[in-house]
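Residues per chain are reported as follows:
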Amino acid sequence: AQDVYAIIPGVLQDLCKYLDFGYGFLYLSDYKRYFTLKSWYSVFEERRLPDNLDMIQQFYADEVAQLTNTKYVYYKDGMDEPLGKKTAGLLGARALLMLPLTSGGDIHALLGIADRRAQHRVADENVNFSYAVLSTLASNIKQQIYSDRIQTTQKALESIVDNMGVDIYVNDFNTHEILY
């Protein structure tokens, strides 16, 4: 299985070029508070995205709840959309389409495209197209996140069992055969 994180910059690049956006990004959560920039693409020479976003310092609780319960955040200069305006401001953008990747009431990642240029056109059909592409990518990212978390949990449990100092046997419930 291919690591989904390896293909993200290419998908973001294609989407940014097709829609004339300046940059794309993926922030991954540390489970509670911090989001770290995992992947990005920019048509500009330098990356101006912050390395980390602190959800507790930068968002109010009701804004986090709104992010958790929304399909996407869309903003462009002049719109009356407070959450979009705030998020765009944190990313230094004047146009933004961002998907919060959520499950179980938690935000696991933020995936999106943005632009800093003053004059930026995004038609509604492009928002729908972008959402479709980003949500497909988001599904793959969620799968990767879950897989990574399962591996981390398995390693932690194996370490606990290996270092307990007690022999543990697992047997088959029906035949009572020792499995390991």
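Thresholds, definitions, all that
Residues numbered from 1 in each chain as written. Predicted model: local features only at pLDDT ≥ 70, side-chain atom pairs only at ≥ 80, totals over all residues. Heavy atoms only, no water. Buried < 20%, exposed > 50% of the residue type's maximum accessible area, 1.4 Å probe, protein only. Helix = DSSP H or I, 4+ residues; strand = E, 2+ residues; numbered from the N terminus. Arc of directions from axis to C-beta. Pairing = 2+ DSSP bridges. Polar contact = N/O pair within 3.5 Å; in protein donor to acceptor, adjacent residues only side chain to side chain. Core = buried A, V, L, I, M, F, W, Y, C linked by side-chain atoms within 4.5 Å. Contact = heavy atoms within 4.5 Å. Expected span 1.5 Å × (residues − 1). pLDDT = per-residue confidence, 0-100.

Trainee: Quick rundown of helix 4 (residues 82–90)? Include the residues and the values.
Mentor: Of the positions making up helix 4, those classed as buried are Leu 83, Gly 84, Thr 87 and Ala 88. Along the axis of helix 4, the buried residues cluster in a sector spanning 130°; they form a single face. Away from its buried face by more than 90 degrees, helix 4 exposes Pro 82, Lys 85 and Gly 89.

Trainee: Describe the pairing of strand 5 (residues 95–103), with residues and values.
Mentor: Where burial is concerned, most of strand 5 is hidden: eight out of the nine residues are buried. Relative to strand 6 (residues 106–115), strand 5 runs antiparallel, the two being bridged by nine bridges. Along strand 6, the bridge assignment pairs Ala 95 with Asp 115. In this antiparallel pair of consecutive strands, strand 5 and strand 6, the connection spans two residues, and Gly 104 shows a positive phi of 60°.

Trainee: Can you explain the environment of Ser 135? Please cite residues and give values.
Mentor: By the secondary structure assignment, Ser 135 is in helix 5 (residues 124–162). Ser 135 sits 63 residues away from Tyr 72 along the chain, and the two C-alpha atoms are 9.4 Å apart. Among the polar contacts made by the side chain of Ser 135, one reaches the main-chain carbonyl oxygen of Ala 132 at a distance of 3.1 Å.

Trainee: Lay out the nonpolar core with the relevant residues and their values.
Mentor: Ranked by internal contacts, the top residues of the largest apolar core, which has 25 residues, are Tyr 5, Leu 26, Leu 111, Ile 113 and Ile 141. For this core, the secondary structure elements donating two or more residues are helix 1 (4–19), strand 1 (23–29), strand 5, strand 6 and helix 5. Here this core gets seven residues from one element, more than from any other, and that element is helix 1. Contacts of Ile 113, omitting those with residues within four sequence positions, involve Leu 12, Leu 15, Cys 16, Leu 19, Phe 21, Tyr 23, Gly 24, Phe 25, Ala 95, Leu 96, Leu 97 and Ser 130.

Trainee: So what about helix 1? Which residues, and what values?
Mentor: The terminal C-alpha atoms of helix 1, which comprises 16 residues, lie 22 Å apart, in line with the 22 Å expected from a rise of 1.5 Å per residue. Two residues or fewer after helix 1 comes Asp 20, characterised by a positive phi angle close to 60°.

Trainee: Talk me through the side chain of Ser 130; I want residue IDs and the actual numbers.
Mentor: Along the chain, Ser 130 turns up in helix 5. The residues touching Ser 130, leaving out its near neighbours within four places in the chain, are Leu 15, Leu 19, Leu 97 and Ile 113.

Trainee: Lay out the confidence of the model for the protein chain with the relevant residues and their values.
Mentor: With 93% of its residues at a pLDDT of 70 or more, the protein chain shows a mean pLDDT of 85. Mean pLDDT across the elements of the protein chain bottoms out in helix 5 (82) and peaks in strand 1 (93).

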